[in-house]
Amino acid sequence: MNLQHLAITSVPIQPWGATYDAAQALKRGTVFQDLDMPFFAADDAGAPRVCCETSSFSDPQQQERETMMLQIYQISFITDDLRLYLDTHPQDAQALDMLKSNLTQRKQLLQDFAQKFYPLTMDCMADTDPINANAGYCWQEGPMPWEGACV
């Protein structure tokens, strides 16, 4: 029986480095500039990809809803990316501080959205306006975030 090793891998530990802001991180697919390595040169050229073009809505309420949703997408992406980083770097104080700050911002954005439109998460249901609380269980009030439906 031949027990030769076919390969031995070596994965360097990711150091903390420069980070993108929320909008750029979502467009680039990472919060870490050092990890931004496009597969093709064409990916790095031309106009940036945009999740949704909020200025294209004629209804001001729909435009505000889409703008708020984009902010929630951006901050949620950063918190997920930082959480993954902290899985392998649990003692990184700078990353933990950034995560806590972004979680606070995300919570506020979700609360603001729930007050203005409808709750996006179960956590937001407790924060809805008491005037609207008489409506009862309102989880089904709005379109799902991925539907992109009009208000």
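Residues numbered from 1 in each chain as written. Predicted model: local features only at pLDDT ≥ 70, side-chain atom pairs only at ≥ 80, totals over all residues. Heavy atoms only, no water.

## Things to note about the nonpolar core
Grouped together as the largest cluster of nonpolar side chains are 12 residues: M68, M69, I72, I75, L109, L110, F113, A114, F117, Y118, L120 and C124. For this core, the secondary-structure elements that each account for two or more residues are helix 2 (60-88) and helix 3 (93-116). The contact partners of L109, leaving out residues within four places of it in the chain, are M68, Q71, I72 and I75. Among the nonpolar cores identified, the runner-up in size contains 11 residues, and F32, I78, Y85 and L86 belong to it. (Core = buried A, V, L, I, M, F, W, Y, C linked by side-chain atoms within 4.5 Å. Buried < 20%, exposed > 50% of the residue type's maximum accessible area, 1.4 Å probe, protein only. Helix = DSSP H or I, 4+ residues; strand = E, 2+ residues; numbered from the N terminus. Contact = heavy atoms within 4.5 Å.)

## As for the environment of T19
Structurally, the position occupied by T19 is in the segment before helix 1 (22-28). Sequence separation of T19 and V31 is 12 residues, and the distance between their C-alpha atoms is 5.3 Å. With residues up to four places along the chain from it excluded, the contact list for T19 reads V31, F32, Q33 and M98.

## Remarks on the environment of Q94
With respect to the helices, strands and loops of the structure, Q94 is situated in helix 3. Sequence separation of Q94 and W16 is 78 residues, and the distance between their C-alpha atoms is 8.4 Å.

## Some thoughts on the packing of aromatic side chains
How two aromatic rings sit relative to each other is given by the distance of their centres and the angle of their planes. Applying the stated rule across the entire model yields 4 aromatic pairs. Seen in terms of ring centroids, F32 and Y85 are 5.0 Å apart; in terms of plane orientation they differ by 40 degrees. Their pairing is tilted. Of this pair, F32 sits in the loop between helix 1 and helix 2 while Y85 sits in helix 2, and the two are 53 residues apart along the sequence. Accessibility assignment for this pair places F32 and Y85 in one class, buried. Here the aromatic cluster, defined as three or more aromatic residues joined through ring pairs, consists of W16, F32 and Y85. (Phe/Tyr/Trp six-rings, centres within 6.5 Å; stacked < 30°, edge-to-face > 60°.)

## Focus: the environment of V31
If you trace the backbone, V31 turns up in the loop between helix 1 and helix 2. For V31, a relative accessible area of 0% gives the class buried. Residues V31 and I78, spaced 47 residues apart in sequence, show a C-alpha to C-alpha distance of 6.1 Å. The contacts of V31, once residues within four sequence positions are left out, are A18, T19, Y20, A25, F77, I78, D81, L82 and M98.

## Re the confidence of the model for the chain
Put simply, the chain has an average pLDDT of 78, and 70% of its residues get 70 or more. Between the elements of the chain, mean pLDDT differs from a low of 51, seen in helix 5 (residues 130-133), to a high of 93, seen in helix 3. Contacts from residues 47-52, a stretch scored under 50 in pLDDT, to residues over four places away or in other chains number 7 contacts. (pLDDT = per-residue confidence, 0-100.)

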